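Secondary and tertiary structure notes
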Amino acid sequence: MAADDMPVDGETIREACHAALWDARPRSAAETDLLVLQLEGHVRLLAPEVAARVPTMAESWHAVGLIVLRHADEALDPAARSADPAARLFVLGTSARALLTLTEMTAEADDKPETDEAEESSDATGWLLDVDPGED
């Protein structure tokens, strides 16, 4: 199986994001460096997935996808790296979490069959009532 064909391991990525964003226990420099490398790898893995899906995203999510990709590019830019490990973990953790969320959301949308029935069910006018307050 080629690396491009491997499924994204969402649970592993979520664990790394949780460690970076919510686990406040003290870490050694080696542990921090390892977590930074993990998150950089996750961002590098997920960014192309999201970039490939952005053109087919619903209009309401298209701009979100572009913003998340811009932040991922900034997070991986060597010139923008922070000397503060906590700040670096925050930037990478939020980027990886946003990319994973978009990947999972668009994967769910890809699994749904396209039918005319789906379009009809999204029409909100069916539940609106025309009430004339002057009628008894």
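Further up the page is the structure itself.
Nothing here was measured: the structure is a model prediction, and the numbers come from that model.

Thresholds, definitions, all that
Residues numbered from 1 in each chain as written. Predicted model: local features only at pLDDT ≥ 70, side-chain atom pairs only at ≥ 80, totals over all residues. Heavy atoms only, no water. Helix = DSSP H or I, 4+ residues; strand = E, 2+ residues; numbered from the N terminus. Areas by Shrake-Rupley, 256 points an atom, 1.4 Å probe, with all protein chains shown as cover. Axes fitted to C-alpha atoms, helices over the stretch in contact; angles between N-to-C directions. Parallel < 35°, antiparallel > 145°, perpendicular 65-115°, else oblique. Left-handed = near helix turned anticlockwise from the far one by under 90°. Contact = heavy atoms within 4.5 Å. Patch = residues over 30% accessible without salt bridge, like charges linked within 9 Å, V, L, I, M, F, W, Y side chains within 5 Å. Salt bridge = Lys/Arg side-chain N within 4 Å of Asp/Glu carboxyl O. Buried < 20%, exposed > 50% of the residue type's maximum accessible area, 1.4 Å probe, protein only. Core = buried A, V, L, I, M, F, W, Y, C linked by side-chain atoms within 4.5 Å.

As for the overall build of the protein
Scanning the protein from terminus to terminus reveals five helices and zero strands. Seen in sequence order, the protein has helices and strands lined up from the N terminus as α-α-α-α-α. Surface exposure of the protein reaches about 9,700 Å², of which carbon and sulfur atoms provide 57%.

Notes on the packing of helix 2 (residues 29–53) against helix 3 (residues 59–76)
Contact pair helix 2 / helix 3: the axes reach a minimum separation of 10 Å and the direction vectors enclose 150°. Considering their axes alone, helix 2 and helix 3 lie roughly antiparallel with respect to each other. In this structure, helix 2 crosses over helix 3, and the sense of that crossing is left-handed. Residues Glu-40, Val-43, Arg-44, Ala-47, Val-50 and Ala-51 of helix 2 pack against Gly-65, Leu-69, Ala-72 and Leu-76 of helix 3.

Some words on a nonpolar patch on the surface
A grouping of Trp-61, Val-64 and Met-105 is seen on the molecular surface, where their side chains present a nonpolar patch of about 230 Å² in accessible area. Within the secondary structure, Trp-61 sits in helix 3. A residue is classified by how much of its surface remains accessible, and Trp-61, at 37% relative accessible area, is partly exposed.

Some points on the nonpolar core
In this structure, Leu-35, Leu-39, Val-43, Val-50, Leu-92 and Leu-99 are the most contacted members of the largest nonpolar core, which totals 26 residues. For this core, the secondary-structure elements that each account for two or more residues are helix 1 (10–21), helix 2, helix 3 and helix 4 (85–111). For this core, the element with the highest residue contribution is helix 2, accounting for seven residues. Setting aside its immediate chain neighbours within four residues, Val-50 contacts Met-57, Gly-65, Leu-69, Leu-99, Leu-102 and Thr-103.

Looking at the side chain of Thr-103
Position of Thr-103 relative to the elements: it lies in helix 4. The contact partners of Thr-103, leaving out residues within four places of it in the chain, are Leu-46, Glu-49, Val-50 and Arg-53.

A word on the pattern of salt bridges
The final tally for this structure, using the stated rule, is nine salt bridges. For Arg-27, the salt bridge is made with Asp-23, and the minimal N-O distance between the two is 4.0 Å. On the accessibility criterion, Arg-27 (23% relative accessible area) is partly exposed. By relative accessible area, Asp-23 is classed as partly exposed at 26%. For the salt bridge of Glu-40 with Arg-44, the shortest nitrogen-to-oxygen distance reads 4.0 Å. One end of the pair is Glu-40 and the other is Arg-44, both in helix 2 and four residues apart, which spans about a single turn.

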